[in-house]
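The residues making up each chain are set out below.
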Amino acid sequence: MSSDILFSPFQLKNHTLKNRVGVAPMTRMSSVRDSLPRQDVLDFLVRRAENNAAIVYTEAIVTDYESAQGYPGQARMTTQRQIEAWQPVVRAIQQHGSVAIMQMFHCGRMAWPEVNPANRSIAPSPLTPRQVNPLTGEPYPVPDEMSRFDIDHVINGFVETAKGAVAAGFDGIEIHGAHGYLINQFLSSYCNRRTDGYGGNVAKRYRFVHEIIQALRPVVPEDRLITFRISNWGVADMEVSLYESKEEYQQIIRHLSREPIDAISVSTYDFSQKAFGTEQNMARITREVTGLPLMICGRIYDRASAEKALADADIVLSAKSMLLNPNWVADLKEGKPMKEYASEEANIAYTDTPLP
Ligand SMILES: Cc1cc2nc3c(=O)[nH]c(=O)nc-3n(C[C@H](O)[C@H](O)[C@H](O)COP(=O)(O)O)c2cc1C
C-alpha cells in the first residue's frame, strides 16, 4: 500500500476529509451542572481539529433525562443552553477544516441509577453484567425489562438528542451501538433474552436499531452524516464475545448496510487481533460484507500501525494517542517513533487537569 494513503483525502458522502485520521469518541465526565462539559474539555476538541484531525467525535452524549446515564458528569444536548454551548465548538472545529460528529448513547443495564433523575435502570432483559460497577464497587442493579413505552421513550431520546446536534451545527451524529451499552445489549444474545418482536434471532434483535435509525433519518438533514459504532466487546465482562460467531456479526453488518447510514465505525481493543477464531481482524470481517465507509480504532499509535489498520478500513480513529499527544497527527505524518499509551495513562481524561 502506498504510504501516503493516510494523508490523502477521503470522500465521506458530501464531506471531503483532509486525511484519514480522526479523534475517537471519549467520555470525559467533566460536567458539574446542566449537563455541560467543562470549557477546557470543549477546547480540547477544537485543538485536535486545529492540529489536523480530519474528523472529531464528541464524548458520548446521554440521550435522555430518565435512565440513560452511566457515569457522573456526562453531557446532554437537548436544551437551548446545551445547544448554545456546543455551537461555537462545532464552528471552530469546522473552521479548522474538520468534520464534527456528535456521538450519543443510552447505557441500558450499565446505567448508574443514582445519577439518573428517575433513579432507574432499564435493559432488554432483567440481567446484570457478572462484574461489579468499577465506579461503585457494587453489583449493577437488576434492570427493568423494557416495556413498549420504554422502547418508544428511549427512541425519542435519540431523536431529541439528534435534533440538538443538528441545531448545534454538527456535521453528523453517531449512534453508539458498541461497548455493551443499550443498543449493543439488544443486538447481543448475551444480554437480550426477550421473546417478543425485539428478541430471538438476529433480525429480531436488530429491530431496535432499525427503529432508531428510521426515527432519526427524518430529523437529520440529508447533508448531515449518520455513523454507527459497533464492537464485539463491552466495558463490563470484557472477556465475553458479544456476538456468537463471525456469521452472526456479519448478519448485523448486512442489516446495517441496508440502512440510510453513511459509515460504520468498528471499535476494537486491538485492531490487529484476529476475531471469532478466524485469521481475520474485525475490520476485514466487516469489510467482507459491507460497501459502507469504514472506520477502525484500537491500539493505533504510530505510522506503521495506522497504515496497517487502513488495509481494511478507510479512516483510523485514535483515543489514547489523540488524548495524550496534541501533536499526534503531525507526528504520524513525520513517521516519528511513538509510544503506545497504557489505559491507566488515559485516566487523566477523567480528572480536572486540562489536557494540552
Ligand atoms: C478516556 C476514554 C474515554 C472513552 N469514551 C468513549 C466514548 O464515550 N464512546 C466510545 O464509543 N468509546 C469511548 N472510548 C473508547 C475509544 O473510543 C476507543 O475505542 C478505545 O480507547 C480504543 O482506542 P485506542 O487504542 O486508540 O485508545 C473511550 C476511551 C478512552 C481512553
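The shown structure was predicted, so the numbers you read here are calculated from the model rather than taken from an experiment.

Once that is clear, we can look at the overall build of the chain. Regarding its fold elements, the chain presents 11 helices and 12 strands. A compact globule built from 356 residues would reach a C-alpha radius of gyration of about 21 Å, and the chain, at 19 Å, matches this within 12%. Over its C-alpha atoms, taken along the principal directions, the chain stretches across nearly 55 × 45 × 40 Å. Partitioning the intrachain contacts of the chain with sequence separation of at least 6 by distance along the chain shows that 72% fall at a separation of at least 24.

This next bit is on the packing of helix H2 (residues 80-95) against helix H3 (residues 148-168). Two elements in contact, H2 and H3, have axes whose closest approach is 8 Å; the angle formed by their N-to-C orientations is 45 degrees. In terms of their interaxial angle, H2 and H3 are classed as oblique. Both H2 and H3 take part in a crossing whose hand is right-handed. Side by side, H2 and H3 meet where Gln82, Ile83, Trp86, Gln87 and Val90 of the first sit next to Gly164, Ala167 and Ala168 of the second.

A separate point is the sheet that holds strand S4 (residues 55-62). Sheet strands pair by backbone hydrogen bonding; their relative direction is either parallel or antiparallel. Reading around the barrel, the eight strands line up as S3-S4-S5-S8-S9-S10-S11-S12 and close back on themselves, with parallel pairing between neighbours. Taking the axes of each pair of neighbouring strands and ignoring which way they run, one obtains an average angle of 25 degrees across the sheet. With four bridges joining them, strand S10 (residues 263-267) and strand S11 (residues 294-297) adopt parallel strand pairing. Pairing of Ser267 across the sheet is with Cys297, part of S11.

Okay, the environment of Asn119 next. Looking at the element boundaries, Asn119 is found in the loop between strand S5 (99-105) and strand S6 (122-123). Taking the C-alpha atoms as reference points, Asn119 and Glu66, separated by 53 residues in sequence, lie 7.5 Å from one another. If near-sequence neighbours (up to four positions away) are discounted, Asn119 is found in contact with Pro113 and Glu114.

Looking now at the site of the ligand. Close to the ligand lie 22 residues, the nearest being Ala24, Thr27, Ala60, Ala319 and Lys320. Those elements that place two or more of their residues in the shell around the ligand are S4 and helix H9 (320-324). Here the residues of the shell around the ligand sort into 10 nonpolar, eight polar and four charged.

Of all seven residues in strand S9 (residues 225-231), seven are buried, a share of seventy percent or more. On S9, burial covers both faces: Leu225, Thr227, Arg229 and Ser231 on one face and Ile226, Phe228 and Ile230 on the other are all buried. Two elements, strand S8 (residues 172-176) and S9, share five bridges in a ladder whose sense is parallel. Paired with Glu174 across the strands is Thr227, a residue of S9. As judged from the five bridges shared by S9 and S10, these two strands associate in the parallel manner. Bridged to Arg229 within S10 is Ser265. In this fold, the crossover linking S9 to S10 by way of helix H6 (residues 246-257) has right-handed handedness.

Rules and cut-offs
Residues numbered from 1 in each chain as written. Predicted model: local features only at pLDDT ≥ 70, side-chain atom pairs only at ≥ 80, totals over all residues. Helix = DSSP H or I, 4+ residues; strand = E, 2+ residues; numbered from the N terminus. Rg over C-alpha atoms; globule rule 2.2 N^0.38 Å. Contact = placed C-beta atoms within 7 Å. Axes fitted to C-alpha atoms, helices over the stretch in contact; angles between N-to-C directions. Parallel < 35°, antiparallel > 145°, perpendicular 65-115°, else oblique. Left-handed = near helix turned anticlockwise from the far one by under 90°. Pairing = 2+ DSSP bridges. Near = placed C-beta within 6 Å. Nonpolar A, V, L, I, M, F, W, Y, C, P; charged D, E, K, R; others polar. Buried ≥ 20, exposed ≤ 12 C-beta atoms within 10 Å, placed from the backbone. Right-handed = clockwise from strand over helix to strand, strands pointing away.

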